[in-house]
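Remarks on the overall topology
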Amino acid sequence: MNNQDKLKLSHNIALITGIFCAAVALLLLLNFWQITKTDPIESKALEALVQRLKDDRNNEELKEEIRNFDLLARKAYFNSQWQVETGAYMLLFGAIVLAFVLRVYYAAKSKIEEPEKVLENEIASRIIAQKGIVIVGAAVMVLALLASYLSVNQLKSYDANALVAENETTADEAVEVINVAPEQTAINEVSEEVAVNETTASENVTEVQSEDASPETPVTETKPAAASSGMTLAELQKNHNSFRGPLAQGVIMHKNIPTEWDGAGGTNVVWKVEVPKHGFNSPIIWGDKLFVAGADNTTREVYCYNRNDGKLLWTGVADNISGSPTTPPRVTDDTGLAAPTLTTDGKAVFAIFATGDVIAFDMNGKRLWARNLGVPDNHYGHSSSLISWNGKLLVQYDTNRGGKVMALDNKSGETVWETQRNSKISWASPVLAEVDGKYQLLLTADPIVAGYDVETGEELWSVECMMGEVGPSVGYADGIVVAANEYARMVAIDIRTQEVLWEDDFYLPEASSILAHDGLVFVATSYGVFVCYDLKEGELLWEDDFGSPVYSSPVFADGKVYLMDNDGVMRIYEFSRELKKVGENELGEMSGPTPAFADGRIYIRGENDLFCIGK
Amino acid sequence: MRNQLNQNKNQNCFGLRIPDIRHKLKYLLFTFAFFLFTFNLSAQKQRFPKPEFDTGYTQPTPVTPEPRALAMEYFDVLVLLLVLAAATYFALKSRSRQGILWLSVFTLVYFGFYRNGCICSIGAIQNVTLTFFDPAYAISLTALLFFVIPLVVTLFFGRTFCAGACPLGAIQDLVVVKPISLPKWLNKTLGLIPYLYLSLAVLFAATGTDFIICRYDPFVGIFRMDAKFLMIVLGIAFLLMGMFVARPYCRFLCPYGVLLSWMSRFSSRHLTITPSKCIQCKLCTHSCPFDAIDFPTNEKEVVKSGLGPKRFITYALVIPLWIALGVFVGAKSHTFLSKANQDVYLAELLIAHPELRNDPDNIDVQTFLASGKPMEQLVSEATAIREKFYIGSMIAGGFMGLVIGMTLLNTVVFRKRQDYEPHKGNCFSCARCVDYCPVEK
């Protein structure tokens, strides 16, 4: 084969392989485009079928159709994958051949250049090289220096920052009590029309030292309580002063609770108002006043409404609180900055936010005190609600730095007692239980379900039975505490003997708290199954699989159980050992909070609006 | 011979008389093919989630692949030895460019596509470094041999490793189509980069921070047919550039090339352009795509230039200043450089942004929190690593100062040369030039 033949052959092969490569590449490009454009897992047809299945859950034919569709999508996808892989190897092969024949072609075609005079630019080139080396060398040095001056050695500032990081502890120890002197404070005036913003309050700071608490042993620090502003149980039962009503047990004593309404259509909607700022906290009621809170990254507010006509009476702003972070902590959208429900003792209303700010207003919106408990180290956002008993504001403060529970004086905000808990972070809320004439605070978290003396904070008992990220609060009735958490278990504990009466792990709630009342236990799972158990035996009595997610908690009222799902549909069941659905009413907007009840009325907080349901 | 080669200059191809357009079309085709190659590789990264319903399919348990058998590792060493011996034979004894070319193809297939670019002598620098600085790390004999053997061979025979035994060199060498000659000043200036890369690679390996040579190997993604999109793009970009600027990675980045270059300068039996006496025909002057042929010294020009002993002494005296400057800059840069370390990065992140502890999407932070390691321990470890960086950065800076000073000094050193000779340090022993020499043995 002479050079001419070599040239011709290599050229022809190069052309053929070039066309081959281009064709394969084009097909791959089309395949790539097809894969990126059509996402098989978000097929509209599949979504439509799944949606249809939600409405018709027992349609086996539809299920089979979905399976076939899914299989088809998978086959198509993996076929594309195979094509991409095979095409890649074909292209690689073609590219290798192309590179090779091109080399042969150019080798055969190359000519010897005419010899040139050398050394013409050798010296000049060296001189330029010297300049280049100096410039590049200097540039490297300067860039390195610049980078070094722009870099901050954060490690050096660790000690100082560590103090800030431990703020959660120090802030607890150094209690800042804000006494609002009348002449120094701009008070939110009660207004029928416009809420008045709170302005700066002068702060008298009192430091209260506390001893270091060992994480191993629950330690309680008790200070003399201020004059009691306690309420009677009868008073509580007339109102709805905390998350899930009196004692936070989810048992309401009011009567004539509506069972039919249509939020969107306005049927049996007494009033509906838009809440200025978003929050997942539930409404609470005292007398004619209804309270909710809202927050965003700029402000945190408490709203007081006239529950009869929905008028905003006042707005209290939680600002100028010493120790409060300048930027709120990062929280997830489904928790937010105002997840904990407020509480009231009839004289003041108390709120806590994800920033760790606790604030008290009197019933007319006058700011009484405020303090920051230390920014809770909570990756979703703090959500444990407040509860008040016998002049004390009870705060469950389980964070990533450990668990603790504390009682603040309702009037001053000072710490009355504080107990370290052998627990991890939790999102559950405290529940009050009367046991043998004394009140206990029932808390659940990973790994313990425990009872605390409301007066002293002493841990009275604990049972190690819980795990995971605990969100549901306990249910309590008939001397039995029922605690549960998704991916863990549900346990019924005898509060006097701490004996585990029964346990189950089939239907478990994720966020919805447990309702225990009069021999029955109700649990709502996050995937939309509402289940009734026998309280004493743990026997599953009935279940209703409606399929909508539920974060709200079931509430007993007027002989029925009310359960709101996240889509804003409230299902009403007869309080019975058999499944009897009384009604199903739509709010017209999403809803996560638990409703509040009053005689003849239900107050529901939706995604944006506050509804008063009744006649 | 020249006539025979020149007669093809205006060759008709398929009746077309527009050779320039034809060439351009080929380049475009080649470029297009490589870019498309990039797309399909990235497409393979997608995954399909498991079905939400029970299919009866049993999900296989993930299995960690077994490491390569020891015998096979030694086989790799044997292959390396054989390839090096063959490359040396082809470069020095048979003077066969064709032999080296086919050897490159074999190396590319075996060490590149079959062995997926690992183990490689270039990356072994880091293993060797870590062995010295981390008592808990024991280098494998294979890695050590892959590091040492090419250096020893180079010490005697020049960079025949680069010619035919390095898969990174091979893939670049095979795409050299239309190389252009770079000016000497650019070659010299860009030649500083491998030293910088080497010093950083050693610094990061010594501090247990990262194996940056492996992480930023532009060709390993192509060898494995599976890499991050940007790395594939980088590899393709190097290959495209390599069609015109021959072996860009070898010349202006390869840290192992620095060591090989040092060794090669002392090689007693290096490749020569001419098998016997140079007849000064100058046919080889443009034969090297890597600008690695030194021309005869024109003493008159040198004397006239003023780049004589005076400047040599000046530059020699300035070297300690360059070193001092490098040490100073290194000391200052240690904070910045140490941020590349994962522990330092995490500690600083948590100190500067404690709120990130609440960020469930920050996998680094959440993994640390889940580990249960106290913050104090993390900060303490990070501080210790930063201390290592302080010393290491000063050494690396001093080394770079020395390199700059020596490179500068080298520009005023003229070695007396009467023939056209390969530059022992820069020559890859690819034997292209020998085909241009009309002198018979």
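Below is a short write-up of the structure.

Cut-offs applied
Residues numbered from 1 in each chain as written. Chains lettered and ligands numbered in written order. Predicted model: local features only at pLDDT ≥ 70, side-chain atom pairs only at ≥ 80, totals over all residues. Heavy atoms only, no water. Pairing = 2+ DSSP bridges. Helix = DSSP H or I, 4+ residues; strand = E, 2+ residues; numbered from the N terminus. Axes fitted to C-alpha atoms, helices over the stretch in contact; angles between N-to-C directions. Expected span 1.5 Å × (residues − 1). Buried < 20%, exposed > 50% of the residue type's maximum accessible area, 1.4 Å probe, protein only. Phe/Tyr/Trp six-rings, centres within 6.5 Å; stacked < 30°, edge-to-face > 60°. Disulfide = S-S within 2.5 Å. Parallel < 35°, antiparallel > 145°, perpendicular 65-115°, else oblique. Contact = heavy atoms within 4.5 Å. Nonpolar A, V, L, I, M, F, W, Y, C, P; charged D, E, K, R; others polar.

A look at the sheet that holds strand 20 (residues 475-477) of chain A
Residues and elements named next belong to chain A. If you walk across this open sheet you meet the 4 strands as 20-21-22-23, and the pairing is antiparallel. Sheet topology places strand 20 and strand 23 (500-504) at the edges, where each strand pairs with a single neighbour. Mean inter-strand twist for the sheet, computed between neighbouring axes without regard to direction, equals 15°. Sheet analysis places strand 20 next to strand 21 (residues 480-484), joined by 3 bridges and oriented antiparallel.

Quick look at helix 10 (residues 193-206) of chain B
All names here are of chain B. Under the 1.5 Å per step criterion, the end-to-end length of helix 10 is 20 Å for 14 residues, consistent within 8% with the ideal 20 Å. Counting buried positions along helix 10 yields 10 of 14 residues, so the element is predominantly enclosed. Buried within helix 10 are the following residues: P194, Y195, Y197, L198, S199, A201, L203, F204, A205 and A206. Backbone geometry just after helix 10 places G208 at a positive phi near 70°.

A look at the packing of aromatic side chains
Within a pair of aromatic rings, the relevant descriptors are the distance that separates the centres and the angle that separates the planes. Residues and elements named next belong to chain B. Here the structure, examined in full by the defined rule, presents 36 aromatic pairs over all chains. Seen in terms of ring centroids, F161 and Y256 are 5.7 Å apart; in terms of plane orientation they differ by 80°. Their pairing is edge-to-face. Residue F161 is located in helix 7 (residues 160-165), and its partner Y256 is located in helix 15 (residues 255-265); the two are separated by 95 residues in the primary sequence. Taken individually, F161 and Y256 each receive the classification buried, so the pair is uniform in this respect. Taking 4.9 Å as the distance between ring centres and 75° as the angle between the ring planes, the aromatic pair formed by F290 and F428 counts as edge-to-face. Of this pair, F290 sits in the loop between helix 15 and strand 1 (293-294) while F428 is found in the segment after strand 2 (421-422), placing the two residues 138 residues apart along the sequence.

Notes on the state of the cysteines
Here a disulfide denotes one covalent bond, and it connects the sulfur atoms of two cysteines. Residues and elements named next belong to chain B. Under the criterion given, the structure shown has 0 disulfides over all chains. Between C254, a cysteine without a disulfide, and C250, which holds the nearest cysteine sulfur, the sulfur-to-sulfur distance is 6.1 Å. The cysteine C284 is free of any disulfide, with C281 supplying the nearest cysteine sulfur at 6.2 Å. Here C284 falls in the buried class, since its relative accessible area comes to 7%.

A closer look at the packing of helix 5 (residues 121-133) of chain B against helix 15 of chain B
Residues and elements named next belong to chain B. With their axes 8 Å apart at the nearest point, helix 5 and helix 15 run at an angle of 90° to one another. Judged by the angle between their axes, helix 5 and helix 15 are roughly perpendicular. Contact residues: helix 5 offers S121, I122 and I125, while helix 15 offers P255, Y256 and L259. Looking at the contact of helix 5 with helix 15 residue by residue, the class counts come to 5 nonpolar, 1 polar and no charged.

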